[in-house]
Structures are given as structure tokens and as C-alpha cells.
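Commentary on secondary and tertiary structure
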Amino acid sequence: MTKDSTLGRTGGASPRFGLHVSVAGGLDRIFARGEALACGTVQIFSHSSRSWDFSLPDPDAVSAYSRARSASSFSDVFIHASYLINMASDDPAIAGRSIETLEKELATADLLGANGLVLHPGSARGGERSGAVLRAASRIREVLDRLPQGRTPLLLENTAGAGSMLGATPEEMSSLYSAIDRPLRTGLCLDSCHLFASGFDLSDSASCREIVSRFCQNIPGGQPSLWHINDALFPRGSGKDRHAGLGEGHIGLDALGHLVSAAAAAGLPMILETPKGEGEAADRLNMRRLYSLAGLPVPERISSDV
Ligand SMILES: [Zn+2]
Ligand SMILES: [Zn+2]
């Protein structure tokens, strides 16, 4: 397999569909967990996403992970950064912790050879937005520059547009990218639920293409590095970041199908962050729907609910 370090893309036969999976029991477990669900990629939190304190994985954990990865049928792993990080904060204490935590997240992602680290751009917390974009950008650049040998692309994710959250519009994402000014180390993660919640109409494939290309204006290669495919629990323009299972929300299978078939044709990885419920039934159902939306046969191992 070949790896393009600037885009975090890996060549390979299995479709690059997957789920956000738990790291319970050890980082090495994620590959078996993903394989059982017919994943060609997975996303994880490298530590508790709601705690500031965490340590880098120890060498034994990293070797167990690497062994499991080599033995696995897939090797793409994306990491979602902690929700506590707010690179745009006007509170010096939060800003300091955010910078420190993002640096640790990136160092962890490098240790694990991750394909990308997903980060929400941050919140203006009621303050002026353009100043917040510049604050976030200069701190993100500072962190990237502290790790000059860093290999993991930082993927900024579009947001649902609630309140002061930055990054719901193509214009704001573009200003953020230009201000960070590290095009080889940054990329984009687009989330279908967030696009819809922030008001974008996904009902026809031409408008989907236009929305994606507006978000990708400043992005090398003109494509997101990763898709989060989620349905939305609330109607279009709600601003609410609440995901639903595919076909069980207000976006619906037809509209999700426009995004999925375009992303699959471009070979882009897609991660589901859909509600899990009891056991694996919901994950299996959503994976089946993702395969079908991409026009691919559903693998035998997820063809039933158990
Ligand atoms: Zn997402
Ligand atoms: Zn979300």
C-alpha cells in the first residue's frame, strides 16, 4: 500500500467506508472491531474526548496497535480531536490548554500513523467572528510549526452553524485556511449533517457538487480528505448538531446518496458517526445502507442485524 502523506490517502482494495469505533480494551482492538463491521477505515478518539488530561500511548500499546494494523484488512485510521479544544477562545487559560492539547493530539496521531486528525475550528463565544478566525488560525499554525516533522494532516471540519461556532460557511472555512497558511499540513473534513443543519440544500446532485466545490476552493486537490456521513435529527437550517442514522433523519437516503456516490467515485474515505444504541445492530444497518448508497454489494458479514 502506498501512502500520500500530504493528503492522508491510502490506496487499497476495500472501500474506504467505516465507523467511529471505541478504543475500549486497547488501541489494537479497533481493527477487529472495524473488520467485523466490514469497515475499510475507522475513526477513533485517542483518549476520552471530554477530558483534558491524557498521556501519549506507551510504546507497548503502539507496537500492539501496529501489529494489529499490519494484520488487518484495512489500515486507514482517522482520529477525532477532543471536543474541549477551542483554538478560537478569547480566554487565555482555555487557549493555552487548547494549544497544549492539540499538540498532544497531533503527536499521538503521528505515533499511530493516522491518516488525519479531525478538529472543529472553534467558537467565537459571542465575540467578533473574524477576530476569532484569526486567533484560531495563528494558534493552529503555531502548533503545526512546533511539530515540524509532523506527518498527520489536520482536517478542519465544517460545523452545524449553531451560535458562535466557526466554520459553518465556505467563506469562513476559506479565511481560516488562508490565515493558517500551511496548505500541505491541513485539509478538510465535510460532515453531511453539519452541512444540512447549517442550511445547505442537499436535495439534488448539482447543488451538492456546488456546495462541496465552494468549501474546497482553497483546498489542495479541490476535495475534502474525509467525509462524515450522517443523517440529521432536525430540519434543514436548525443549527443543531444532532446526528441520525442514515435514512432516519431529515436529509434522507436520496440526498445522502448524492454525496456518497460522488465521494465513492473520488475514492474518498467516509465515516459514519451515527447513533449506536444497544449492541451492533445500528452500526450494521448504517454500514449496509452506506454500501447500498455507494452502489456496492453489502458484505455477507453485515447482511443481518446480529
Ligand atoms: Zn462529524
Ligand atoms: Zn456532528
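Rules and cut-offs
- Residues numbered from 1 in each chain as written.
- Chains lettered and ligands numbered in written order.
- Predicted model: local features only at pLDDT ≥ 70, side-chain atom pairs only at ≥ 80, totals over all residues.
- Heavy atoms only, no water.
- Donors = N, O, S within 2.8 Å, 3.2 Å for Na, K, Ca; no water.
- Helix = DSSP H or I, 4+ residues; strand = E, 2+ residues; numbered from the N terminus.
- Buried < 20%, exposed > 50% of the residue type's maximum accessible area, 1.4 Å probe, protein only.
- Pairing = 2+ DSSP bridges.
- Axes fitted to C-alpha atoms, helices over the stretch in contact; angles between N-to-C directions.
- Parallel < 35°, antiparallel > 145°, perpendicular 65-115°, else oblique.
- Left-handed = near helix turned anticlockwise from the far one by under 90°.
- Contact = heavy atoms within 4.5 Å.
- Phe/Tyr/Trp six-rings, centres within 6.5 Å; stacked < 30°, edge-to-face > 60°.
- Salt bridge = Lys/Arg side-chain N within 4 Å of Asp/Glu carboxyl O.
- Core = buried A, V, L, I, M, F, W, Y, C linked by side-chain atoms within 4.5 Å.
- Polar contact = N/O pair within 3.5 Å; in protein donor to acceptor, adjacent residues only side chain to side chain.
- Disulfide = S-S within 2.5 Å.
- Tetrahedral: all angles 85-135°; square planar, octahedral: opposite > 155°, others 65-115°.

So, on to the coordination of the zinc ion (ligand 2). For a metal with four tetrahedral donors the ideal donor-metal-donor angle is 109.5 degrees, while six octahedral donors give ideal angles of 90 or 180 degrees. Looking at the zinc ion (ligand 2), the protein donor atoms are His194 (NE2), Asp241 (OD) and His243 (NE2), and they sit 2.0 to 2.1 Å from it. All donors of the zinc ion (ligand 2) come from a single chain, and their spacing in sequence reads H-x46-D-x1-H. The distance between the zinc ion (ligand 2) and the zinc ion (ligand 1) comes to 4.2 Å. One end of the pair, His194, is in helix 6 (residues 192-197); the other, Asp241, is in the loop between strand 10 (231-232) and strand 11 (243-244), with 47 residues separating them in the sequence. Looking at Asp241, the relative accessible area reads 39%, which means it is partly exposed.

This paragraph deals with the sheet that holds strand 8 (residues 186-191). Read around the closed barrel, the 8 strands follow the order 3-4-5-6-7-8-9-12; overall the barrel is parallel. Averaged over all pairs of adjacent strands, the angle between strand axes in this sheet comes to 30°, irrespective of strand direction. Of the pairings in the sheet, the one linking strand 8 to strand 9 (residues 226-228) comprises 3 bridges and is parallel in character. Pairing of Leu190 across the sheet is with Trp227, part of strand 9.

Contact pair helix 4 (residues 129-146) / helix 5 (residues 170-180): the axes reach a minimum separation of 8 Å and the direction vectors enclose 40°. One way to sum up the angle between helix 4 and helix 5 is to call them oblique. The hand of the helix 4/helix 5 crossing is right-handed. Here helix 4 contributes Arg129, Val133, Leu134, Ala136, Ala137, Ile140, Arg141 and Leu144 to the contact with helix 5, which in turn contributes Glu172, Ser175, Leu176, Ala179 and Ile180.

Moving on to the packing of aromatic side chains. In the structure shown here, the tally under the stated rule is 5 aromatic pairs. On the basis of an interplanar angle of 85° and a centroid distance of 5.0 Å, the ring pair of Phe17 and Tyr291 is categorised as edge-to-face. Placement of Phe17 in strand 3 (residues 17-20) and of Tyr291 in helix 9 (residues 281-293) is noted, with a sequence separation of 274 residues between them. The exposure class assigned to Phe17 is buried, which follows from its relative accessible area of 2%. Their ring planes at 55° and their centres at 5.4 Å tell us that Phe31 and Tyr65 sit as a pair that is tilted.

Here we come to the pattern of salt bridges. For the structure shown, the criterion picks out 10 salt bridges. Residue Arg146 pairs with Glu142 through a salt bridge whose shortest N-O separation is 2.9 Å. Placement of both Arg146 and Glu142 in helix 4 is noted, with a separation of 4 residues, approximately one turn of the helix. A single network of salt bridges, built from pairs that share partners, joins Glu103, Glu142 and Arg146.

The next thing to look at is the nonpolar core. Counting 77 residues, the largest nonpolar core has Leu102, Leu202 and Trp227 as its most contacted members. Ranked by the residues each element gives to this core, the list is headed by helix 4, at 7 residues. Sequence-distant contacts of Leu102, that is, excluding residues within four places in its chain, are made with Ile85, Met87, Leu117, Leu119, Ile140, Val143 and Leu154. One finds Val118, Leu155, Leu226 and Ile271 within the second-largest nonpolar core, a separate group that totals 6 residues.

Right, let's talk about the side chain of His194 for a bit. The buried category is assigned to His194, whose relative accessible area is 2%. Here His243 takes part through its side chain, which lies 3.4 Å from a polar atom of the side chain of His194. Beyond its immediate stretch of four places on either side in the chain, His194 contacts Glu157, Asn158, Thr159, Ala160, Asp241 and His243.

Looking now at the state of the cysteines. According to the stated counting rule, one finds 0 disulfides in the structure shown. Unpaired in terms of disulfides, Cys189 finds its nearest cysteine sulfur in Cys216, a separation of 11 Å. The thiol of Cys208 is unpaired, and the distance to the nearest cysteine sulfur, on Cys216, comes to 13 Å.

Coordination of the zinc ion (ligand 1) by the protein comes from Glu157 (OE), Asp191 (OD), His228 (ND1) and Glu273 (OE), over a distance range of 2.1 to 2.2 Å. Around the zinc ion (ligand 1), the 4 donor atoms are arranged such that angles at the metal cover 85 to 170°; this shape is classified as irregular. Donor residues for the zinc ion (ligand 1) sit on one chain with the sequence pattern E-x33-D-x36-H-x44-E. Given a relative accessible area of 0%, Glu157 falls into the buried group.

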